[in-house]
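# Working through the structure, step by step
Chain residues, written in single-letter form:
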Amino acid sequence: MADLKHLEAPCEACGVATEIGFLIREGDDVSELDFRGEHRAAIESKFEPYLRLAQSVNAAVRHECLFQANDTVMKARLHFECSAEKIIFDLKSRALS
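The following refers to the structure shown. (Residues numbered from 1 in each chain as written. Predicted model: local features only at pLDDT ≥ 70, side-chain atom pairs only at ≥ 80, totals over all residues. Heavy atoms only, no water.)

## Some thoughts on the overall build of the protein
- Helix and strand content of the protein: three helices and three strands.
- The order of helices and strands in the protein, counted from the N terminus, is α-β-α-β-β-α.
- Looking at the protein as a whole, 30% of its 97 residues are labelled buried.
- Within the protein, contacts between residues separated by at least 24 positions form 61% of all contacts whose residues are at least 6 apart in sequence.
- Taken as a whole, the protein presents about 6800 Å² of accessible surface, with 53% of it coming from carbon and sulfur. (Helix = DSSP H or I, 4+ residues; strand = E, 2+ residues; numbered from the N terminus. Buried < 20%, exposed > 50% of the residue type's maximum accessible area, 1.4 Å probe, protein only. Contact = heavy atoms within 4.5 Å. Areas by Shrake-Rupley, 256 points an atom, 1.4 Å probe, with all protein chains shown as cover.)

As structure tokens, then:
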């Protein structure tokens with residue numbers, strides 16, 4: 001049985017988790033993204049490719065956006081149905097950065 005007391009350190013048998021840098025945890029299904037821009041429309045256009053990518057991973061992904069600092073900063077939260085979908089999105093989104 002897995003040692004659930006040491007969730008931060010993967011065991012030697014699951015070295016793949018170490019190589020890609022992610023541990024899959026139940027309930028870890030929200031990806032948070034931060035965007036900055038001159039105005040709201042510019043930020044939304046930066047966010048659009050990320051939202052399309054998230055929807056390609058799971059069409060049922062939910063999102064919420066919070067604007068701050070006179071609409072020059074946005075925090076987006078993408079809610080996936082499971083942790084694996086979030087990790088797939090996080091890995092694929094590296095190409096967008």
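## Regarding the environment of Ala 69
- Relative to the helices and strands, Ala 69 is located in the loop between β2 (62-68) and β3 (73-79).
- Considered as a pair, Ala 69 and Arg 36 are 33 residues apart in the sequence and their alpha carbons are 9.8 Å apart.

## Some points on helix α3 (residues 83-93)
- Along α3, the positions that sit buried rather than exposed are Ser 83, Glu 85, Lys 86, Ile 87, Phe 89, Asp 90 and Ser 93.
- Buried-residue contacts for α3 involve β1 (30-36), α2 (40-57) and β3.

## Remarks on the pairing of β1
- The side-chain alternation of β1 yields one buried face, formed by Ser 31, Leu 33 and Phe 35, and one unburied face, formed by Val 30, Glu 32, Asp 34 and Arg 36.
- One ladder, built from seven bridges, connects β1 with β3; its direction is antiparallel. Its bridge partner lying in β3, Asp 34 is registered against Lys 75. (Pairing = 2+ DSSP bridges.)

## Structural notes on the nonpolar core
- Judged by nonpolar contacts, the single largest core of 16 residues is most densely connected at Leu 33, Phe 35, Phe 47, Met 74, Leu 78, Phe 80 and Phe 89.
- Contributing elements (two or more residues each) for this core: β1, α2 and β3.
- Residue contributions to this core peak at seven residues, all from α2.
- Setting aside chain neighbours within four positions, we find Leu 78 in contact with Asp 29, Val 30, Ser 31, Leu 33, Phe 47, Leu 51, Ala 54, Val 61, Arg 62, His 63 and Phe 89. (Core = buried A, V, L, I, M, F, W, Y, C linked by side-chain atoms within 4.5 Å.)

## Here's the deal with the sheet that holds β1
- Taking strand neighbours across the sheet as the criterion, the three strands line up as β1-β3-β2 in an open arrangement whose pairing is antiparallel. Here the strands that pair on one side only, and so sit at the sheet edges, are β1 and β2. With strand direction ignored, the average angle separating the axes of adjacent strands in the sheet is 15°.
- As defined by bridge partners, β2 adjoins β3 across seven bridges and the pair is classed as antiparallel. For Arg 62, the partnering residue across the bridge sits in β3 and is His 79.
- Sheet strands touched by α3: β1 and β3. Its angle to β1, the strand with the most contacts, is close to 30°. (Axes fitted to C-alpha atoms, helices over the stretch in contact; angles between N-to-C directions.)

None of the figures reported here should be taken as evidence of function without further support.
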